[in-house]
Amino acid sequence: MDEMQQTLIRKFERKNARIGVFGLGYVGLPLSLRFAEEGFTAVGFDIDSMKIKKLMAGESYIEHIASARIKKARKQGFTATADFSQAKQCDALIICVPTPLNKYREPDLSYVTRTMDAIAPYLRKGQIVSLESTTYPGTTDEEIVPRIRARGFKIGREVYVVHSPEREDPGNPNFNTKTIPKICGGITRRCQEVGLALYRGVIDKVVPVADAKTAELTKLLENIHRAVNIGLVNEMKMVADKMGIDIHEVIRAASTKPFGFTPYFPGPGIGGHCIPIDPFYLTWKAREFGINTRFIELSGEVNSGMPDWVVGKITHGLNQHQKSLNGSKVLVLGISYKKNVDDMRESPAVAIMEILRAKGAKVSYTDPHVPVFPKMREHKFDLRSVPLTVENIRKADCVLVATNHDKFDYRMILKRAKLIVDTRGVYTKPAKNVVKA
Ligand SMILES: NC(=O)c1ccc[n+]([C@@H]2O[C@H](COP(=O)([O-])OP(=O)(O)OC[C@H]3O[C@@H](n4cnc5c(N)ncnc54)[C@H](O)[C@@H]3O)[C@@H](O)[C@H]2O)c1
């Protein structure tokens, strides 16, 4: 171990290092707060001035992160800025920016490369750069390392580089940034050692892997595993439905097997920043190696077909009441992509709302976590959440349970609704007004 490496590791161990986190979203914000809570000097960087302003005023913009936590971190020295020149004073530069797909469903690394380009002029010897954004194997080697080398730094000697994928599960009360084990893979062995020291200061268990690309693929495997199994169970749902079997009862029964079975639950489709997107990062990269990722494509096909299938169920339910979808009032319950959160990214409820609207249904929604339909890149609804009252339930020709938030009064809904289309298995007992979807 040389002196520079030793000095940096000691700074992390003594918690007197300055940590820069780039991208203060669902991943970067809780991570910066974690460093602040442990006594590090945490600096959050973002290009969104509204976020910087709010954080500096001690306010949160993410529902499950309390403003009190931000205020406390501010007292502990946490600051937020859009001034990237402050990167120079940081010992660690952690990148947590979005990694979406472009319109051809190919990886869009522009956020990562733009961030790295903005940081590059302020790099100095004795820093570590960690990429946390989810991406295909090879990104850290191919996109981060060359930009650092281009500034004349030797990797693993002067600047250290690791990939350490984030595993945040927003809204899950059982796990948080500190208690979720973290994978870390370095470009060189020295990079790895510095990376482990960085994260050990704030995370209970850091798991070293061979290199950065192993860390990148580990994260993708985790998400592909979910996407494929959800695809499987969605297909099983359609088979069970044709056979007159309740898939949710089947899953509950299979879950009593104490080994070898992991339950996954069907739904209206998949949502969030991860599951619908990340698998296609691998699909794209695998082509370079002459491999077709058939499981990924197949599960993508099944999962993305779910909104249409659900609309078919709504049409069928209305038909039983001698109504057409065109002109019917459909009240959507829950529009965020999963229960008890406000995250709307890739939400299948929105895809369903769009199909319904195109077919002439009068769509409204209720969601205690999303009071106003937010601005989205590809969707526009001029709607506000309506209150979940007996009157509103009665008025609807169909109530669609798209996201099963705990705050909904499901008994009242069952009692008052003319027709319920349940995509989440909320209603376990058969009822005349419930159609399972
Ligand atoms: N949300 C999750 O649950 C989750 C879980 C695991 C991994 N991830 C991964 O983490 C990464 C970040 O996801 P997220 O959910 O935090 O995204 P997010 O959209 O919530 O936050 C990203 C932030 O980065 C900022 N940003 C964009 N360009 C920037 C730039 N050039 N410089 C500085 N800041 C910039 C944005 O303004 C935003 O505040 C993605 O790769 C995602 O796949 C997300």
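Every value quoted in this text rests on a predicted model; they were computed, and no experiment measured them.

Definitions and limits used
- One numbering rule holds for all chains: residues counted from 1, following each sequence as written.
- Local features in this predicted model are restricted to residues whose pLDDT is 70 or higher, and side-chain atom pairs enter the listing and the counts only when it is 80 or higher, whereas totals over whole chains, interfaces and linings include all residues.
- Heavy atoms from the whole structure form the basis of all side-chain values; hydrogens and water molecules are not counted.
- Accessible area is worked out with a 1.4 Å probe on protein chains only. A residue is then buried under 20% of its type maximum, exposed over 50%, and partly exposed in between.
- Numbering goes from the N terminus for both helices and strands, where a helix is a DSSP run of H or I of at least four residues and a strand is a run of E of at least two.
- We treat two strands as partners when DSSP finds at least two bridges between them.
- Using a 1 Å grid laid over the protein atoms alone, points where a 1.4 Å probe fits but cannot get out form a cavity; open sets with protein on both sides within 12 Å along at least 5 of 7 lines form a pocket; any residue with an atom within 4 Å of a point counts as lining.
- Grid points are joined across faces, edges and corners, and a volume is the space filled by probe spheres set on the points.
- Any residue with a heavy atom positioned within 4 Å of a molecule or strand is treated as near that molecule or strand.
- Polar contact is defined as a pair of N or O atoms within 3.5 Å, subject to the rule that within protein one atom must be able to donate a hydrogen and the other to accept it, and that residues adjacent in sequence are counted only when both atoms are side-chain atoms.
- Throughout, right-handed denotes a crossover for which the path from the first strand over the helix to the second runs clockwise when the strands point away from the viewer.

Asker: Looking at this structure, I do not really get the pairing of strand β9 (residues 329–333). What am I missing?
Answerer: In summary, the side chains of a regular strand alternate between the two faces of the sheet. Of all 5 residues in β9, 4 are buried; the element is thus mostly enclosed. Here β9 pairs with strand β10 (residues 362–366) via 5 bridges, running parallel. Residue pairing across strands places leucine 333 opposite threonine 366, the latter belonging to β10.

Asker: It is not clear to me how empty space enclosed by the protein should be interpreted in this structure. Could you clarify?
Answerer: To find the voids left in a structure, one rolls a probe of water-molecule size over its atoms. Tallied over the entire structure, the rule returns 1 cavity of 30 Å³ or more. Considered as a void within the structure, the largest cavity measures approximately 40 Å³ in volume. If you trace the largest cavity, you find it lined by Pro165, Glu166, Arg167, Thr177, Ile180, Pro181, Lys182 and Ile203.

Asker: What am I meant to see in the site of the ligand here?
Answerer: Of all residues adjacent to the ligand, which total 25 residues, the nearest are Val27, Asp46, Lys51, Thr99 and His273. In the environment of the ligand, an oxygen atom lies 2.8 Å from a nitrogen or oxygen atom belonging to the side chain of lysine 51. Threonine 99 is positioned such that a nitrogen or oxygen atom in its side chain is 2.6 Å from an oxygen atom of the ligand.

Asker: Help me out: how do you make sense of the pairing of strand β5 (residues 127–131) in this one?
Answerer: Among the 5 residues in β5, 5 count as buried, and that is most of the element. Direction of pairing for strand β4 (residues 92–95) relative to β5: parallel, over a ladder of 4 bridges. Considered in β5, the bridge of isoleucine 94 is made with serine 130. On the question of chirality, the crossover connecting β4 to the parallel β5 by way of helix α5 (residues 110–119) is right-handed. Taken together, β5, helix α6 (residues 139–149) and strand β6 (residues 159–163) form a β-α-β motif whose crossover is right-handed.

None of this, on its own, says anything about what the molecule does.
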